[in-house]
Amino acid sequence: MAKEPMLKFVTVGRDMPTKRSAEDRKEDFLEIYGEFVEAKAEEQASRCSQCGVPYCHTHCPLHNNIPDWLRLTATGRLKEAYEISQATNTFPEICGRICPQDRLCEGNCVIEQSGHGTVTIGSVEKYITDTAWEQGWVETFTPAVERDESIGIIGSGPGGLAAADRLRRAGFKVTVYERSDRAGGLMMYGIPGFKLEKDIVLRRVKQLEDSGVEFVLNCNVGEDITFDAIRGKHDSVLIATGVYKSRDLKGPGSGAEGIVRAIDYLTCSNKVSFGDTVEEYENGELNANGKKVVVIGGGDTAMDCVRTAIRQGATSVKCLYRRDRANMPGSQRETQNAEEEGVEFVWLTAPKGFTGDPVNGVMVQKMRLGAPDASGRQSPEIIEGADYVEEADLVIKALGFEPEDLPTLWGTEGLEVTRWGTVMADFKSHATSLDGVYACGDIQRGASLVVWAIRDGREAADAMIEYLDQSASVAAE
């Protein structure tokens, strides 16, 4: 029996511009998915709705009502589909683009599990919200009642912005403090434009600005303003800084010129896409053009780096990962996209050191998978005597992120952190050890997905509303 037709995801070529018009995106979708939307959506949605348990819903961190908006899309009721999608997800057009659907909703689709190809939920989610923007259904909002209380949010990533949206809609005065020159956090500077067009993020920021949220940019808490000063200005504070401290590599030659952090490399590339002049790009330090590039790591950030290097014109791009393909933490879909674009994956390899200064090679140890560790994953073991040198003009370290030491950076006493350095906060209310102070996203749970940060931001906002309601009630007695 032949498999049902299914949507394909676009693999963006190296010459794809970062910023594309709404009309361009619509034409792309209709060209590729038009038959699906017009002829197959009703059938696909009907098959989806037959699930006794909608695993797509239960495996979505936001518990989006996916079967409902699929069914509405199938019958052409896109505005209603958008309203249902927006009810549980502050930024569905962003999740539709960058969520690892293969690990979440689509990977748990019953149709996919039965071997007939998944319903391509992410593409439909993206299409619904892009259409909503084009049709003017996404509007500036005005709270029904303005409240006197003020809330400060530190960080403008997905968690901070999701909370800002929810809190402003409830009528609070909201100020967002961001240390970069543009709002959006990792969505702006840590994710390449070929995965998430920056105008998509900017229009959400503008919607919040037009709705009354104040953004204070180029504001580094601990330097430009103290944390205590922010607490003094606001009735409640949300810490949504994300985690930006890069895990490092040790070994001979690790300090050589040409060995760079993934966050620096991606930030530079994104700034250049805005038309900014970045010295490190101009002088070649953070520019892969004409170079042999080696990226170390196997997560989504590593995938972003290798695909960016391809687009910058690297002569070769290799990704070293100490486990095999089946055990890599990054999206399998992203890995496939990278391979199609010319990236070579060198599995079961780990860096031992580096040669040259500027760097000209990575000393590589070959590995094998041994017994499972405490988490159940097989632990990599070194194969003695199998070392070799991988040529490289640019080495990008993409080993993940850790939290910065906020109590020390901010000079704050009483802000408790976990043994991993994340802010200690209740995982339901997101309340920290300081009265009226909350935390959400990666700074609370560790480096994770945008969709989890959105969920955390929404939950934290609801808890802050309850806290301020109780405070107002006590003050009125």
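Reading guide: rules and limits
Residues numbered from 1 in each chain as written. Predicted model: local features only at pLDDT ≥ 70, side-chain atom pairs only at ≥ 80, totals over all residues. Heavy atoms only, no water. Buried < 20%, exposed > 50% of the residue type's maximum accessible area, 1.4 Å probe, protein only. Helix = DSSP H or I, 4+ residues; strand = E, 2+ residues; numbered from the N terminus. Pairing = 2+ DSSP bridges. Axes fitted to C-alpha atoms, helices over the stretch in contact; angles between N-to-C directions. Contact = heavy atoms within 4.5 Å. Polar contact = N/O pair within 3.5 Å; in protein donor to acceptor, adjacent residues only side chain to side chain. Right-handed = clockwise from strand over helix to strand, strands pointing away. Core = buried A, V, L, I, M, F, W, Y, C linked by side-chain atoms within 4.5 Å. Phe/Tyr/Trp six-rings, centres within 6.5 Å; stacked < 30°, edge-to-face > 60°. Left-handed = near helix turned anticlockwise from the far one by under 90°. Nonpolar A, V, L, I, M, F, W, Y, C, P; charged D, E, K, R; others polar. Salt bridge = Lys/Arg side-chain N within 4 Å of Asp/Glu carboxyl O. Parallel < 35°, antiparallel > 145°, perpendicular 65-115°, else oblique. pLDDT = per-residue confidence, 0-100.

A. Region of interest: helix α3 (residues 66-74). Most of α3 is tucked away, with 7 of its 9 residues classed as buried. All buried positions along α3 are accounted for by I66, P67, W69, L70, L72, T73 and A74. Remark: G76 follows α3 within two positions and exhibits a positive phi of approximately 80°.

B. The arrangement of the sheet that holds strand β1 (residues 150-154) in detail. With parallel pairing, the 5 strands of this open sheet are ordered in space as β3-β2-β1-β4-β16. At either margin of the open sheet sits one strand with a lone partner, and together these are β3 (214-216) and β16 (437-439). For this sheet, the mean angle separating the axes of adjacent strands, direction not counted, is 20°. Summarising the sheet, β1 and strand β4 (residues 236-239) pair through 4 bridges and their orientation is parallel. Within the sheet, the bridge partner assigned to I154 lies in β4 and is I239. Each of β1, β4 and β16 is contacted by helix α18 (residues 450-476), which is oriented at about 165° to β4, the strand it contacts most.

C. Main features of the side chain of R323. As for its placement among the helices and strands, R323 is situated in the loop between β8 (316-321) and α15 (332-340). Of the residues examined, R323 reaches a relative accessible area of 5% and is grouped as buried. A distance of 3.0 Å separates a polar side-chain atom of R323 from the backbone oxygen of Q378. Setting aside anything within four residues of it in sequence, one finds R323 in contact with W347, L348, L369, D373, R377, Q378, S379 and P380.

D. A look at the pairing of strand β7 (residues 292-296). Most of β7 is tucked away, with 4 of its 5 residues classed as buried. Bridge analysis of β7 against β8 gives 5 bridges, and the strand direction is parallel. Counterpart to V294 in the pairing with β8 is K318. Of the crossover connections in this fold, the one passing from β7 over helix α14 (residues 300-311) to the parallel β8 is right-handed.

E. Representation of the nonpolar core in the model. One finds I94, I153, L167, V174, L196, F215 and L238 to be the most contacted residues of the largest nonpolar core, which totals 46 residues. Only α5 (92-98), β1, α8 (158-169), β2 (173-177), α9 (186-189), α10 (198-210) and α18 provide two or more residues apiece to this core. With 10 residues, the single largest contributor to this core is α18. L238 has contacts with G152, I153, I154, A163, Y438, A439, C440, A460 and M464, leaving out every residue within four places of it along the chain.

F. Examining the packing of aromatic side chains more closely. This structure, assessed with the given rule, holds 4 aromatic pairs. Considering the side-chain rings of F227 and W410, the 4.9 Å spacing of their centres and the 15° angle between planes classify their relative orientation as stacked. Placement of the pair is F227 in helix α11 (residues 227-233) and W410 in helix α16 (residues 406-410), with a sequence separation of 183 residues. Residues F227 and W410 agree in their burial class; the two are buried. Ring geometry for Y438 against Y467: centres 6.0 Å apart, planes inclined by 70°, an arrangement best described as edge-to-face. With a gap of 29 residues between them, Y438 in strand β16 and Y467 in helix α18 connect regions that are remote in the sequence.

G. Examining the packing of α8 against α18 more closely. One way to put it is that α8 packs onto α18 with a least axis distance of 7 Å and a crossing angle of 35°. Pair α8 / α18 crosses with right-handed handedness. Touching P158, G159, A162, A163, R166 and L167 of α8 are V450, A453, I454, G457, R458, A461, D462, M464 and I465, all from α18. The class makeup of the residues in the contact of α8 with α18 is 10 nonpolar, 2 polar and 3 charged.

H. Molecular detail of the pattern of salt bridges. One pass over the full model with this rule turns up 36 salt bridges. Across the pair D130 and K126 runs a salt bridge whose closest N-O atoms are separated by 3.7 Å. Of this pair, D130 and K126 are both found in helix α7 (residues 121-135), 4 residues apart, which corresponds to roughly one turn of the helix. The closest approach of N and O atoms between E146 and R168, which form a salt bridge, is 2.7 Å. Of this pair, E146 sits in the loop between α7 and β1 while R168 sits in helix α8, and the two are 22 residues apart along the sequence. E146 gets classed as partly exposed once you look at its relative accessible area, which sits at 46%. Taken together, the salt bridges that share partners define one network made up of K195, D304, R307, R311, E334 and E341.

I. Spotlight on the packing of α7 against α10. Following both chains from N to C, one finds α7 and α10 inclined at 50°, their axes separated by 13 Å at the closest point. As summarised for this structure, α7 and α10 are arranged oblique, according to the angle between their axes. When the axes of α7 and α10 are compared, the crossing they make is left-handed. The segment α7 lies against α10, with T129, D130 and W133 engaging R203, R204 and Q207. Here the residues of the contact of α7 with α10 sort into 1 nonpolar, 2 polar and 3 charged.

J. Looking closely at the sheet that holds β7. Taken in spatial order, the 5 strands make up an open sheet running β6-β14-β7-β8-β9, and their pairing is parallel. The open sheet terminates on both sides in strands that have one partner only, identified here as β6 (259-261) and β9 (344-347). When the angles between neighbouring strand axes are averaged without regard to direction, this sheet yields 25°. In this sheet, β9 lies alongside β8 in parallel orientation, the contact comprising 4 bridges. Within β9, the position partnered with L320 by the bridge is V346.

K. Main features of the confidence of the model for the protein. Taken as a whole, the protein shows an average pLDDT of 89; of its residues, 89% reach a score of 70 or greater. Of the regions scoring below 50 in pLDDT, residues 1-22 engages in 46 contacts with residues more than four places distant in sequence or in other chains. Contacts of residues 25-41 to residues separated by more than four positions or lying in other chains number 30 contacts, the stretch itself having pLDDT below 50.

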